[in-house]
Amino acid sequence: MKTLNFEDLTQVRKKAQATLSVRELSYAAADESSCGLAVGTEHIQLLCCGGTGCKASQSQKIVENLKACIEANGIADKVQVIVTGCFGFCEKGPIVKVMPDNTFYTQVKPEDAEEIVKEHVIGGRKVERLLYVDPKTEKTVSDSKHMDFYRKQMRIALRNCGFIDPENIEEYIARDGYAALANALQGQTPEEVIDIIKKSGLRGRGGAGFPTGMKWGFARNYQAENKYVVCNADEGDPGAFMDRSIMEGDPHSVIEAMAICGFCIGASQGLIYIRAEYPLAVHRLKIAIEQARNYGMLGKNVMGSDFSFDIEIRYGAGAFVCGEETALIHSMEGKRGEPTLKPPFPAESGYNGYPTNVNNVETLANVPIILTKGADWFASIGTEKSKGTKVFALAGKINNVGLIEVPMGTTLREIIYDIGGGVKNGKKFKAVQTGGPSGGCLTEKHLDLPIDYESLGAAGSMMGSGGMIVMDEDDCMVSVAKFYLEFTVGESCGKCTPCRIGNKRMLEILTRITEGKGTMEDLDMLKTLATTIKDTALCGLGQTSPNPVLSTLDNFYDEYVEHVKQHKCRSHQCKALLTFTINPEKCKGCGACKKNCPSEAIIGDVRKPHIINPYQCIRCGMCKSRCRFDAIQVF
Amino acid sequence: MEQNMIQLTIDNHVVEVPKGTTILEAGKQIGIEIPTLCHIDLKGTCVKNKPASCRLCVVEVEGRRNLAPACATDCMPDMVVHTNSARVIRARKTIAELILSDHPNDCLTCPKCSDCELQRLVMRFNIRKMPFNGGEQSERKRELTPAITRNMEKCIYCRRCESVCNNVQSVGVLGAVRRGFDTTIAPTFDKMFVDTNCTYCGQCVAVCPVGALTERDYTDQLMDDLTNPDKVVIAQPAPAVRFALGEEFGMEPGTSVTGKLASSLRSLGFDYVFDTDFGADLTIMEEGAEILHRLKKFLAGDKDVKIPIMTSCCPAWVNFYEHEYPDLLGHPSSAKSPAQMFGAITKTYCAEKMGIPREKIVVVSIMPCLAKKYECARPEFKVDGNPDVDYSISTRELARLIKRANIRFTQLPDSDFDSPLGESTGAAAIFGITGGVMEAALRTVYEVYTGQTLPHIEFEQVRGFEGIREATIDLNGFPLKVCVAHTLSNARKIMDKLRAGELDYHVVEIMACPGGCIGGAGQPYHHGNFEILNARRNALYAEDEGKKLRKSHENPDIQKLYKEFLGEPMSEKAHHLLHTHYSDKSIK
């Protein structure tokens, strides 16, 4: 097809907006009355999540079944099935949404497709059993707007995820897509655009929170024959998947932002560094890049202007350290992925020695909408120093696992209890780990902290890329610190001494403590090592790697001391510290424990209380799981 | 203050430095020696490693969140730096303790004991305990090649060897393998050196701060041979050895110890103390003749003659082109290296003269070089399995032997080398430096070609430490274009040009080590101090100047050898004994 110029883009947008009107309407609808062909709805769209998580739960099959059923009933002209990106409410996936009444069906199975089509789409009757049940009121909620999970969210970076078809550029265009780029090319100077980004207060969402506008300004100021825009899609924090979701659900927002950045800094080449373990994101990006080229949004003379820009995808092998921008650049150059000292910053000497601007996916996804809605709008959201919203991946012992986006300044309590639905199984909240392996564990006393870059840093954690893992009373904080350190030790590039050897030694000490072999000197040594590593490691990853240890030492010191002095793990997580005994009053002498004990540690006669030989016991817990009389006690 | 100058405060001293100066360099200016380990900067050559990875040089910069590596942090205006605050000292000590926790700490039996940079730092930091020891030790390989010993358990991961192998030599054998605690510096896939295109230049050994990379030690074997009454052990020390050996005994760098060297070898029990310098003069005779031979053909319009002709006395360079430029093997001169020529003559001409059978003779070369050890083992330098040079020891190994033999080196009297292979000229002495072989060859080629006496014996144009130097010499109207290069990365530039048909020289000299043999991997460790190399160079040129004979073709022993035994340069006999051939050794 012929590539679009500015005028064509407006025409395409108008046309595409008509298709999207069914969905746009649904967001405005006030009541929850059903739509359905039988009640006179003329046009219905079924949105089905096509993110990695829901796909793993057979959402592809759901789509096929829905389509087949629609076909079989001869209503294909009125009813469309659209595969979207992630809705965020992964706990309840796969999700199917019916438009325009915005009915939110949860945990849908492929075999439910027929019922949805026949009952709802045709009959206009909601399928009650697939509706979300509010755990507080125990009533069904059909419109996602009214769910606690969504009510406090504000979706800016995720604005199109779960709403548009990511494989259709026109749906993106309908949502004012490529308008910011067109605007910039049609009359703004790069400085003006950079100025808007600066004024908006947007900061890097990858972790460190460096002001994006300033970063662009630096890259613009260096003169060179080549410059590069790099999108850092090497999302590596355990449990974090916001970047993947954006690329899967709204790839064009990233592409548009990269082109805008290219225009601002004077680059004509963009590179997306993405880990190869994100095949779906890669697939969608490839489609999006191809479509953007066909529509003239990428390539030579973008939209007929003087500006040319194209994007290439570069694959990473998934090393955590390659999320660090200098390591990322070395990896793209085909070198060993390890950081080098800054300065020189990539803005001066980056990819192949040329000025390079590296931004994270979520940062980029914010850019187009800032430009269309204005810096003031964005700056009005959030806290004094952290503007806009942040996407968090909620995980761990929380009821509503998923991807959420909230304004900066939202408290941890709102996130965990209102949006997240509280701690699973009514257990007691113990800690929340933010910022992945570089972050720290925050406690009860931090729950009312309005979160932004500064407040999290001051509390001994960090924003990071937005992982948020909730822990309850069953979690041992020493083991948690050990878990994160195991990750860091495994992912250290090995370049600098503190990270290469220091983290290894810290892990050894933590292992000793969890095995009951720790000493009080070990605790001092941990503190010394953690402080030294923080003070001396070469890159940001090394410098922040002791955070999980430092924050747990600060907030849960008594638990460490308990492990060391009393050889006790109050959460019963450290196996080596457990003692299994049989309560003779409860034991009926049935022999089930004895029969199943793999180490023959249990002795006793039939119908008489049994006993466990502590020297032979391997603390596997088999006896406890087999006892029907709750006679096995663990200390 | 000048525009490009910055003022800052280090440990309460105000210092003014040019922009781009690191804190480490600025400190040095005012006598503050910040400890370093991974860092090396052999100024004046391209040997440089600045990864800022050991973190032992960290300093406190006011207003900065964390500590800054002094080796790689540029000075900024009004910076306030503390290099010895409690925070810095604690951090440095902890890092050193961490390094020790993954190090064998078998210092007493380590070949680098007392010459180890880590050991010095441990002493300097007053470390008396190793609190982090007892944990896991990284598993790393050991290897014994003919030239280099690798014991990577001792590696402290400074990556100097990697920098040198890649950036200075462009050989690219060494790199980081695996990650995190398991990282090791090794050839790709953790292969062995012997399975790679390693040239055994040994520059990795020359910069290794610890005992991870050392020379293959032949001192015990030499001791055995020296005490064996059935063996006639003959020493031949290389030109560059005598300008560095003294350093091992506390003498000033640049002290020429030629006379003491001969005496010490005699005291060690060598039966004959000859001189590789004789071999160097012989090399000039053969190589010079070959240059003239090829030039004549070239001038006569012979299209097949390989021009430029390249020197071939550096064994690492020979390995390099056999590995990487098998298509250009016709260019290097077929002349053997001085040491091998010497060996071949010793075990034929000399053996005959002295009436000793070849098998009883042990020729030991004392070299500034590790690749020579590999060269000795080449099959083409053996006659029925008996090598022309039995083995080669480095300058450092000789020093160890002298110390072990209770010889007080500094008080030894001077003595001369034995006859008939002990006489040499100034031309041979300068073989030890980059440009030296070229200069020696030019002295002879000029006189033989033009039939006139050189008006000015020094060829200043080919001297210096510039990586690639070129000059045009007027040979009676014929402009002879010559080029001199040192380090293999510069050699690669030249060879790539040659391959592309863009090289416009007649004669090219290549030395693998920075500075030539004075910077050889078998020399006393320079520990990054370029002044040591400079001092050796000055001593070497002084030796040349002080010689009565300064042109190889004027060496009376050489003239005698041709008269009595070889006939003339490039005769059939000379060809058989003094020339070699090269083969394709590329890694497939």
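Residues numbered from 1 in each chain as written. Chains lettered and ligands numbered in written order. Predicted model: local features only at pLDDT ≥ 70, side-chain atom pairs only at ≥ 80, totals over all residues.

1. Here's the deal with the pairing of strand E1 (residues 5-10) of chain B
Residue and element names in this part refer to chain B.
In step 1: Here E1 shows a buried face lined by Ile 6, Leu 8 and Ile 10 and an unburied face lined by Met 5, Gln 7 and Thr 9.
In step 2: Direction of pairing for E1 relative to strand E2 (residues 13-18): antiparallel, over a ladder of 6 bridges. Bridge pairing in E2 places Met 5 opposite Pro 18.
In step 3: Relative to strand E7 (residues 80-82), E1 is paired through 2 bridges, and the arrangement is parallel. Of the residues in E7, the one forming a bridge with Ile 10 is Val 81. (Buried ≥ 20, exposed ≤ 12 C-beta atoms within 10 Å, placed from the backbone. Helix = DSSP H or I, 4+ residues; strand = E, 2+ residues; numbered from the N terminus. Pairing = 2+ DSSP bridges.)

2. Thoughts on the sheet that holds strand E22 (residues 507-511) of chain B
Residues and elements named next belong to chain B.
In step 1: An order of E15-E22-E21-E20 is seen for the 4 strands of this open sheet, with the pairing classed as mixed. This sheet does not close on itself; its edge strands, each paired only once, are strand E15 (309-310) and strand E20 (468-475).
In step 2: Note that strand E21 (residues 478-486) and E22 share 5 bridges and pair parallel. Counted as the bridge partner of Val 484 is Glu 509 from E22.

3. Things to note about the domain arrangement of chain B
All names here are of chain B.
In step 1: Entries for chain B in the domain assignment read domain 1 (5-124) and domain 2 (293-334 + 424-578).
In step 2: With centres defined by C-alpha atoms, the gap from domain 1 to domain 2 works out at 40 Å.
In step 3: Residue-level contacts link 10 residues of domain 1 with 10 residues of domain 2.
In step 4: Of the residues belonging to the side of domain 1 that touches domain 2, the class tally is 4 nonpolar, 2 polar and 4 charged. (Domains from an automatic or database assignment. Contact = placed C-beta atoms within 7 Å. Nonpolar A, V, L, I, M, F, W, Y, C, P; charged D, E, K, R; others polar.)

4. Some thoughts on the domain arrangement of chain A
In step 1: Domain parsing of chain A yields domain 1 (15-146), domain 2 (177-378), domain 3 (389-472), domain 4 (477-565) and domain 5 (578-634).
In step 2: Measuring from the centre of the C-alpha atoms in domain 4 of chain A to the corresponding centre in domain 5 of chain A gives 36 Å.

5. Some details on the sheet that holds strand E1 (residues 44-49) of chain A
Picture the strands of a sheet paired through backbone hydrogen bonds; they go either parallel or antiparallel.
All names here are of chain A.
In step 1: If you walk across this open sheet you meet the 4 strands as E2-E1-E3-E4, and the pairing is mixed. Among the strands making up the open sheet, the edge pair consists of strand E2 (79-84) and strand E4 (103-105). When the angles between neighbouring strand axes are averaged without regard to direction, this sheet yields 20°.
In step 2: Relative to E4, strand E3 (residues 96-99) runs antiparallel, the two being bridged by 3 bridges. Paired with Lys 97 across the strands is Phe 104, a residue of E4.
In step 3: Packed on one face of the sheet, helix H4 (residues 113-122) meets E1, E2, E3 and E4 and runs near 25° to E3. (Axes fitted to C-alpha atoms, helices over the stretch in contact; angles between N-to-C directions.)

6. Brief notes about the interface of chain A and chain B
In step 1: On the side of chain B, 27 residues touch chain A, which itself brings 26 residues to the contact.
In step 2: Those elements giving two or more residues to the side of chain A that touches chain B turn out to be helix H18 (477-491), helix H19 (497-514) and helix H20 (520-536) of chain A.
In step 3: With 8 residues, H19 of chain A is the single largest residue contributor to the side of chain A that touches chain B.

7. Some words on the packing of H18 of chain A against H19 of chain A
Residues and elements named next belong to chain A.
In step 1: Closest axis-to-axis distance for the H18/H19 pair is 9 Å, and the angle between their directions is 150°. The orientation of H18 relative to H19 falls into the category roughly antiparallel. For the pair H18 and H19, the crossing hand works out as left-handed. In this structure, H18 uses Val 478, Ser 479, Ala 481, Lys 482, Leu 485, Glu 486, Thr 488 and Val 489 to contact H19, whose residues at the interface are Asn 503, Lys 504, Met 506, Leu 507, Leu 510, Thr 511, Ile 513 and Thr 514.
In step 2: A class-by-class count of the residues in the contact of H18 with H19 yields 8 nonpolar, 5 polar and 3 charged. (Parallel < 35°, antiparallel > 145°, perpendicular 65-115°, else oblique. Left-handed = near helix turned anticlockwise from the far one by under 90°.)

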